[in-house]
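Letter by letter, the chains look like this.
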Amino acid sequence: KAGVTQTPRYLIKTRGQQVTLSCSPISGHRSVSWYQQTPGQGLQFLFEYFSETQRNKGNFPGRFSGRQFSNSRSEMNVSTLELGDSALYLCASSPRTGGNYNEQFFGPGTRLTVL
Amino acid sequence: AQKITQTQPGMFVQEKEAVTLDCTYDTSDPSYGLFWYKQPSSGEMIFLIYQGSYDQQNATEGRYSLNFQKARKSANLVISASQLGDSAMYFCAMRERRNAGGTSYGKLTFGQGTILTVHP
């Protein structure tokens, strides 16, 4: 079974631009979560989608948005990029949402650099 | 207040020895789950072990075991017989049943991580 895939793996953008990152979950998984990882703030939860609905959202500005398609693939978009958006963006998929034990399988991440 | 605290920024261990990575957590939710992940330099997060708040026994997965002390709110990871390939960043994470806005769904709250270096 293929793992979680994220595209692109590396991205360089300039301030003010927008970017779209893609995540394909493990086949059969319906939940996709996104995390931002930076040296200063560590790993922070962005949002989770389940069955095309946003179930939970972290404490990020409205410039960060996402969506999920009927095939469970998810995209996240960051508009008006700032230097501080440079980070590793990780996507994780789960077979379901809710519950305490709900192992999340992570993808390799997309490393975004904003110049 | 930090929900997950990992007080060891870096740890060193000799190959084949055991090492304990510390994790304390803070929650008022009686139902929660605790996870440990390994992140090699490649960036991918690898799931290691899980402990539920109602689990009576400490979790074990091969060379990994979780020393769960509920009253002290600690969930330390023990790696036995360290290998060179264990060198990586290790994260402790928690999922609560509910957050202030309702159910927590997929949200994992991570600690700051501990860099483990295994020496030959």
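It should be noted that the structure appears before, not after, this text.
Criteria and cut-off values
Residues numbered from 1 in each chain as written. Chains lettered and ligands numbered in written order. Predicted model: local features only at pLDDT ≥ 70, side-chain atom pairs only at ≥ 80, totals over all residues. Heavy atoms only, no water. Disulfide = S-S within 2.5 Å. Helix = DSSP H or I, 4+ residues; strand = E, 2+ residues; numbered from the N terminus. Buried < 20%, exposed > 50% of the residue type's maximum accessible area, 1.4 Å probe, protein only. Pairing = 2+ DSSP bridges. Axes fitted to C-alpha atoms, helices over the stretch in contact; angles between N-to-C directions. Salt bridge = Lys/Arg side-chain N within 4 Å of Asp/Glu carboxyl O. Core = buried A, V, L, I, M, F, W, Y, C linked by side-chain atoms within 4.5 Å. Contact = heavy atoms within 4.5 Å. Polar contact = N/O pair within 3.5 Å; in protein donor to acceptor, adjacent residues only side chain to side chain. Phe/Tyr/Trp six-rings, centres within 6.5 Å; stacked < 30°, edge-to-face > 60°. Lys NZ or Arg CZ within 6 Å of the ring centre and 35° of its normal.

Visitor: Describe the state of the cysteines, with residues and values.
Guide: Residue and element names in this part refer to chain A. Summed over the entire model, instances satisfying the criterion amount to two disulfides over all chains. A disulfide bridge connects C23 with C91, and the sulfur atoms are separated by 1.7 Å. Between C23 and C91 the disulfide shows an S-S torsion of about -50 degrees. By sign, it is left-handed. Residue C23 is located in strand β3 (residues 19–24), and its partner C91 is located in strand β9 (residues 87–94); the two are separated by 68 residues in the primary sequence. Given a relative accessible area of 0%, C91 falls into the buried group.

Visitor: Explain the sheet that holds strand β1 (residues 5–7) of chain A to me, and be specific about the residues and the numbers.
Guide: Hydrogen bonds along the backbone pair up the strands of a sheet, which may run parallel or antiparallel. All names here are of chain A. With respect to topology, four strands assemble into an open sheet ordered β1-β3-β8-β7, the strand pairing being antiparallel. Two strands lie at the open edges of the sheet, namely β1 and β7 (64–68), each paired on one side alone. When strand polarity is set aside, the average angle formed by the axes of neighbouring strands in this sheet is 20 degrees. The pairing of β7 with strand β8 (residues 74–78) spans five bridges and is classified as antiparallel.

Visitor: Tell me about the pattern of salt bridges, and please be specific about residues and values.
Guide: All names here are of chain A. Under the defined criterion, the tally for this structure stands at seven salt bridges over all chains. The closest approach of N and O atoms between R63 and E82, which form a salt bridge, is 3.6 Å. Here R63, found in the loop between β6 (53–57) and β7, pairs with E82, found in the loop between β8 and β9; they are 19 residues apart in sequence, far enough to count as distant. Looking at E82, the relative accessible area reads 42%, which means it is partly exposed. Through salt bridges with shared partners, one network takes in R63, E82 and D85.

Visitor: If you had to explain the nonpolar core to someone new, which residues and values would you point to?
Guide: The biggest cluster of nonpolar side chains holds 24 residues, and the ones touching the most others in it are Y25, W36, I49, L77 and Y90 of chain B. Only β3 (19–21), β5 (32–39), β6 (46–52), β8 (64–69), β9 (74–79), β10 (88–96) and β14 (114–119) of chain B provide two or more residues apiece to this core. Tallying contributions element by element places β10 of chain B first for this core, with four residues. When near neighbours in sequence (up to four residues on either side) are disregarded, Y90 of chain B contacts Q6, L21, W36, Y37, K38, L48, L77, I79, G113, T114 and L116 of chain B. Membership of the second largest hydrophobic core comes to 21 residues, among which are V4, V19, F47 and M76 of chain A.

Visitor: Before we move on, could you go through the side chain of S53 of chain B and cite the residues and values that matter?
Guide: As for its placement among the helices and strands, S53 of chain B is situated in the loop between β6 and β7 (60–61). Those residues in contact with S53 of chain B that lie beyond four places of it in its chain are P30, S31, Y32, F68 and K70 of chain B.

Visitor: How would you explain the environment of Y32 of chain B if you had to name every residue and give the values?
Guide: Residue and element names in this part refer to chain B. If you trace the backbone, Y32 turns up in strand β5. Counting along the chain gives 20 residues from Y32 to G52, while the straight-line C-alpha distance between them is 6.2 Å. Within the structure, Y32 has its side chain in polar contact with the side chain of Y25 (distance 2.7 Å).

Visitor: Let's hear about the packing of aromatic side chains: which residues, and what values?
Guide: Scanning all chains against the criterion turns up 14 aromatic pairs over all chains. Ring centres 5.6 Å apart and planes at 90 degrees place the aromatic pair Y35 of chain A and F110 of chain B in the edge-to-face group. Linking Y35 of chain A in strand β4 (residues 31–38) with F110 of chain B in strand β13 (residues 109–110), this pair reaches from one chain into another. You can call F110 of chain B buried: its relative accessible area is 6%. Taken together, a centroid distance of 5.1 Å and an interplanar angle of 55 degrees make the contact between Y25 of chain B and Y32 of chain B tilted. In this structure, Y25 of chain B and Y32 of chain B share a single accessibility class: buried. Members of the aromatic cluster, each reached through a chain of ring pairs, are Y35, F45 and F106 of chain A together with F35, Y37, F47, Y50, F91 and F110 of chain B. Taking the ring centre of Y64 of chain B as reference, the NZ or CZ of R63 of chain B above it sits at 5.6 Å.

Visitor: Could you give an account of unusual backbone geometry, with specific residues and numbers?
Guide: All names here are of chain A. The omega torsion across T7 and P8 is -10 degrees, close enough to zero to call that bond cis. Along the chain, P8 falls in the loop between β1 and β2 (10–13). Look at S51: it is not a glycine, yet its phi comes out positive at around 45 degrees. Assignment of secondary structure puts S51 in the loop between β5 (42–50) and β6. The phi dihedral of T80 is positive, around 45 degrees, even though this residue is not glycine.

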